[in-house]
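Each chain, written out:
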Amino acid sequence: QCQLNGLWRNDQGSLMEISVLRDNGDFQGQYLTRVTLSGGCGQISPLRGAQQLGDEGWPTFAFTVRWDKFSNASTAFVGQCFVDAGGKETLITMWLLREAVGSPEEDWRATR
């Protein structure tokens with residue numbers, strides 16, 4: 001069974017730690033994006049989410065990150081946790097990042 005709690009590193013070198021995983025599937029932790037690390041001073045941002053356990057023990061999950069102190073953007077992640085034959089756990093995720101814009105006419109460039 002895949003366990004979400006712990007320290008995770010993505011392909012880009014960002015770090016995520018899920019430190020609190022409740023029995024109801026809610027979790028919280030922190031995210032350290034490589035974007036802030038490249039500037040030499042990393043900023044830790046809080047994350048909150050929830051997981052949905054399936055019969056196979058490979059949970060789907062979603063979480064948001066509030067980018068404190070360095071960005072006016074919000075990011076939502078969704079994904080699933082898998083375990084390979086060797087026991088290695090992997091998170092497969094997709095994300096949407098929304099930046100603040102000044103008007104509805106600028107909406108086209110606000111979401112990546």
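The model shown is predicted, which means the values in this text are computed figures rather than measured ones.

Engineer: Tell me about the sheet that holds strand 7 (residues 89-99), residues and numbers included.
Structural biologist: By way of backbone hydrogen bonds, the strands of a sheet pair with one another, either parallel or antiparallel. Strands sit in the order 1-2-3-4-5-6-7 across an open sheet of seven strands; the sheet is antiparallel. The open sheet terminates on both sides in strands that have one partner only, identified here as strand 1 (6-9) and strand 7. Between one strand axis and the next, the sheet turns by 25 degrees as a mean value, whatever way the strands run. Strand direction decides the pairing type here: strand 4 (residues 44-52) and strand 5 (residues 60-66), joined by six bridges, are antiparallel. Within strand 5, the position partnered with glycine 49 by the bridge is phenylalanine 63.

Engineer: Residue-level account of the pattern of salt bridges, with values.
Structural biologist: Per the stated rule, a full pass over the model turns up three salt bridges. One salt bridge in this structure joins arginine 112 and glutamate 99, with 3.7 Å as the shortest N-O distance. Of the two residues, arginine 112 is situated in the segment after strand 7 and glutamate 99 in strand 7; the sequence distance between them amounts to 13 residues. Assessed through its relative accessible area of 27%, glutamate 99 is described here as partly exposed. Among the ionic pairs, glutamate 106 bridges to arginine 109, the shortest N-O distance being 2.8 Å.

What counts, and at which threshold
- Residues numbered from 1 in each chain as written.
- Predicted model: local features only at pLDDT ≥ 70, side-chain atom pairs only at ≥ 80, totals over all residues.
- Heavy atoms only, no water.
- Pairing = 2+ DSSP bridges.
- Helix = DSSP H or I, 4+ residues; strand = E, 2+ residues; numbered from the N terminus.
- Axes fitted to C-alpha atoms, helices over the stretch in contact; angles between N-to-C directions.
- Salt bridge = Lys/Arg side-chain N within 4 Å of Asp/Glu carboxyl O.
- Buried < 20%, exposed > 50% of the residue type's maximum accessible area, 1.4 Å probe, protein only.

Nothing here speaks to function; it is geometry throughout.
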